[in-house]
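Each chain, written out:
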Amino acid sequence: MSTFTPKSVVSGTKEVPVILLLNSMGTTTEMWEPQLPMLENHFRVIRMDHRGHGQSDTPDGDYSFDDLVADAIAVLDEHKVETATVMGCSIGSMTALGLGLAAPDRIDRVVCAAARADAPEMFRQSWDDRAAIINEKGVGALWNGSLGVWFTPAFQEANPDVVAKMHAEFLKTTDQGYIRCGAALKGLDYLKDLPNMKVPTLFIAGAEDKGAPPAVMEQMAEVTPNSLFTVIPDAGHIVNVNAPEAFSLAIMEFLGITCE
């Protein structure tokens, strides 16, 4: 593991409690904008760009989840945070699970959205396929395929401005950052460890998510102690953007947020 520290941005209240937000593949800290007004009223919010994404640098070598977990701990240490709630989407959620398993003394709760916890053969092959496309054409060539997984057709049609913004953020991912994070995903192996999770965990699936189908996430919840599972209707992989109101409602009680 390296001593790399990703770039992060802090907002909200200046006191505890703290929530750490971890982005999905091909996105940046900006993906959490729909939830920021609510979260900033109740937390010190730290948003982190994964290595090779957004404002973060792209260290050499293939990445592992040990690296990504260490990156998140480094961000907490940088901001002198002893304990935090962590919420992620996709690879951010998988990193959040790793944090809960490896450092339960540092993590209060985990919100795990749009994730899986293992890497079957077809899943591993998909990252090799994407790496081949990037090596030939660059990361931008993955956009159309990602868009179809991220958002439902109805959302895309109704929100062209959001789609355009997400496209711009997608292009801030470096070619090697995407490929090397994909290497981490190929080694994903947390499912066997979830029965040992000591941190309360909320699993959130998008009903239309082809990348992390609800049935896969429900299985994760079933083997995780002290966990909850919910499905957001009419939502794809980037569930917090595709269905922001429903997502925000789904996390409120778990985070101890009450309507004011």
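Here the structure is shown first, and the text comes after it.
Every value quoted in this text rests on a predicted model; they were computed, and no experiment measured them.

Participant: I'm lost on unusual backbone geometry in this one. Help?
Facilitator: Most of the time, phi is negative for any residue but glycine, and the peptide bond is trans. In this structure, serine 90 is a non-glycine residue whose phi angle is positive, near 60°. Assignment of secondary structure puts serine 90 in the loop between β4 (84-89) and α3 (91-102). Even without being a glycine, aspartate 234 presents a positive backbone phi close to 55°. As for its placement among the helices and strands, aspartate 234 is situated in the loop between β7 (227-232) and α10 (239-242).

Participant: I keep staring at the sheet that holds strand β2 (residues 18-22) and nothing clicks. Help me out?
Facilitator: In a beta sheet, neighbouring strands pair by backbone hydrogen bonds and run either parallel or antiparallel. Ordered in space as β1-β3-β2-β4-β5-β6-β7, the seven strands form an open sheet in which the pairing is mixed. At either margin of the open sheet sits one strand with a lone partner, and together these are β1 (8-12) and β7. Ignoring strand direction, the axes of neighbouring strands in this sheet form an average angle of 20°. With five bridges connecting them, β4 and strand β5 (residues 107-113) associate as parallel partners. The partner of glycine 88 across the bridge, within β5, is cysteine 112. Here helix α2 (residues 65-78) sits on the sheet in contact with β1, β2, β3 (44-48), β4 and β5, set at roughly 140° to β3.

About the cut-offs
Residues numbered from 1 in each chain as written. Predicted model: local features only at pLDDT ≥ 70, side-chain atom pairs only at ≥ 80, totals over all residues. Heavy atoms only, no water. Helix = DSSP H or I, 4+ residues; strand = E, 2+ residues; numbered from the N terminus. Pairing = 2+ DSSP bridges. Axes fitted to C-alpha atoms, helices over the stretch in contact; angles between N-to-C directions. Contact = heavy atoms within 4.5 Å.

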